[in-house]
Amino acid sequence: MTSPALAPRPQLWILRHGETEWSKSGQYTGLTDLPLTVEGEQQAVEARKVLDGVDFDLVLTSPLRRARRTAELAGFPDARHEPLAVEWNYGDYEGISSDLIRKDNPDYLIWTHGVPNGETLDEVAARADKIIGRILESGMDNVLIVAHGHFSRILTARWLELPPTEGRHFVLGTAKVCTLGWDKKTPAIVRWGL
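Owing to the predicted nature of the structure, the values given are computational and were not obtained by experimental measurement.

Colleague: Mind showing me how you'd approach the sheet that holds strand 1 (residues 11-16) here?
Modeller: Within a beta sheet, neighbouring strands are joined by backbone hydrogen bonds and run either parallel or antiparallel to one another. Pairing within the open sheet is mixed, and its six strands lie in the order 3-2-4-1-5-6. One side of each edge strand has no neighbouring strand; the edge strands of this open sheet are strand 3 (80-81) and strand 6 (186-191). Looking at chain direction, strand 2 (residues 58-61) and strand 4 (residues 142-147) are connected through four bridges and run parallel. The residue bridging Leu60 from the neighbouring strand is Ile145, located in strand 4. The strands touched by helix 7 (residues 149-159) are strand 1, strand 4, strand 5 (177-183) and strand 6; relative to strand 1, the strand with the most contacts, the crossing angle is about 160 degrees.

Shown next as C-alpha cells:
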C-alpha cells in the first residue's frame, strides 16, 4: 500500500476557451452562450499543440458552447461536461465591460466590488473548491479542465490555497494553457499561459 506521503499528486491543466466577440471587446461573458469567433477556433486548434502528448486521465469542460467547442478543437470531443466550471454569473453586469462600469465608479474592480444580482466571489470559489477536492481525492495524474477566464483565475487561487480575490493576479488570455501542480508538497503553478 502506498503511504499518503508517497501518493501521486495530480496536475490540473487549465485551458481557457478561445476568443468570442465579447471576450474580444472586453464585455463580461458569464452565462451568455456565445460561439467562438473564427480567431477563437484557430486559437483552440493551436492550443492542441501545447496539449499534444499529455495523457489525461480525465477531461472536463464547462457546458457552455465556447468551452465545449474549444475542447473539441483542442482534441477532446468527448470531454465530460462539468456544470461547476461555468463562468462567474455576472448578473446585471453581463455583457457590460468594466471600462463602462468604471465611468460611473472609477474605483470598480470585480475582485473587490463584485456584481449586482449575480454570484458572489465566494460562491464562485466554492464551485472551484468542489472541483479541486474531487481531483485531489481521485488518484489521477493529469486532469484537464476547459473553462473560462475569471473562473480559471479563481480556480488557480484556490488551488494555491489563496483567497479567491488573489485570482486578480493571474491574467489569462483566450485559449491559453496552464498547469497547476506541486513544488514538493506545496501547491504551485508549473506553467502559465502557454
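Colleague: Explain unusual backbone geometry here, please?
Modeller: Of all residues except glycine, most have a negative phi; of all peptide bonds, most are trans. Even without being glycine, Glu161 reaches a positive phi, approximately 65 degrees. Note on placement: Glu161 falls in the loop between helix 7 and strand 5. Residue Glu161 is classed as exposed on the basis of its relative accessible area, which comes to 62%. In the Ramachandran plot, Lys184 falls in the positive-phi region, its phi being about 60 degrees despite a non-glycine side chain. Along the chain, Lys184 falls in the loop between strand 5 and strand 6.

Colleague: Would you mind going over the pattern of salt bridges with me for this structure?
Modeller: Note on pairing: side chains with opposite charge can pair once their charged atoms come close. Here the structure, examined in full by the defined rule, presents nine salt bridges. Measuring nitrogen to oxygen at the nearest pair gives 3.4 Å for the salt bridge that ties Arg102 to Asp99. Of this pair, Arg102 and Asp99 both sit in helix 4 (residues 98-104), three residues apart, which is roughly one turn of the helix. Overall, Arg102 belongs to the partly exposed group, its relative accessible area being 27%. Owing to a relative accessible area of 55%, Asp99 belongs among the exposed residues under this scheme.

Colleague: Just to check I follow, could you spell out helix 2 (residues 38-51) for this structure?
Modeller: Side chains that are three or four residues apart share a direction in an α-helix, a result of its 3.6 residues per turn. Here helix 2 contains 14 residues, and its C-alpha end-to-end distance of 21 Å stays within 8% of the 20 Å for a straight helix at 1.5 Å per residue. Those residues of helix 2 not exposed but buried are Gly40, Gln43, Ala44, Ala47 and Leu51. For helix 2, the angular spread of the buried residues around the axis is 100 degrees, confining them to a single face. Facing away from the buried side of helix 2 by over 90 degrees, the exposed positions are Val38 and Lys49. The elements touched by buried residues of helix 2 are strand 1, helix 3 (65-73), strand 4 and strand 5. Of the residues one or two after helix 2, Gly53 is the one with positive phi, at around 90 degrees.

Colleague: What should I look at first to understand the packing of helix 2 against helix 3 in this one?
Modeller: It is the contact of helix 2 with helix 3, at a shortest axis distance of 8 Å, that shows an interaxial angle of 45 degrees. On the basis of their axis angle, the class for helix 2 and helix 3 is oblique. Every pair of crossing elements has a handedness; the one defined by helix 2 and helix 3 is right-handed. Residue-level contacts link Glu41, Ala44, Val45 and Arg48 of helix 2 to Arg69, Thr70 and Leu73 of helix 3. Taken together, the residues of the contact of helix 2 with helix 3 sort by class into three nonpolar, one polar and three charged.

Colleague: Hey, could you run me through the environment of Gly40 in this one?
Modeller: With respect to the helices and strands, Gly40 occurs in helix 2. Residue Gly40 is classed as buried on the basis of its relative accessible area of 0%. The spatial distance from the C-alpha of Gly40 to the C-alpha of Ala128 is 25 Å, given a sequence separation of 88 residues. The residues contacting Gly40, other than those within four sequence positions of it, are Gly18 and Glu19.

Colleague: Explain the side chain of His148 here, please?
Modeller: Looking at the element boundaries, His148 is found in the loop between strand 4 and helix 7. Only 2.7 Å separates the side chain of His148 from the side chain of Ser62, close enough to count as a polar contact. With near-sequence residues (within four places) excluded, His148 lies in contact with Arg16, His17, Ser62, Leu64, Arg66, Ala67, Ala85, Val86 and Glu87.

Reading the values: rules and limits
- Residues numbered from 1 in each chain as written.
- Predicted model: local features only at pLDDT ≥ 70, side-chain atom pairs only at ≥ 80, totals over all residues.
- Heavy atoms only, no water.
- Pairing = 2+ DSSP bridges.
- Helix = DSSP H or I, 4+ residues; strand = E, 2+ residues; numbered from the N terminus.
- Contact = heavy atoms within 4.5 Å.
- Axes fitted to C-alpha atoms, helices over the stretch in contact; angles between N-to-C directions.
- Buried < 20%, exposed > 50% of the residue type's maximum accessible area, 1.4 Å probe, protein only.
- Salt bridge = Lys/Arg side-chain N within 4 Å of Asp/Glu carboxyl O.
- Expected span 1.5 Å × (residues − 1).
- Arc of directions from axis to C-beta.
- Parallel < 35°, antiparallel > 145°, perpendicular 65-115°, else oblique.
- Left-handed = near helix turned anticlockwise from the far one by under 90°.
- Nonpolar A, V, L, I, M, F, W, Y, C, P; charged D, E, K, R; others polar.
- Polar contact = N/O pair within 3.5 Å; in protein donor to acceptor, adjacent residues only side chain to side chain.

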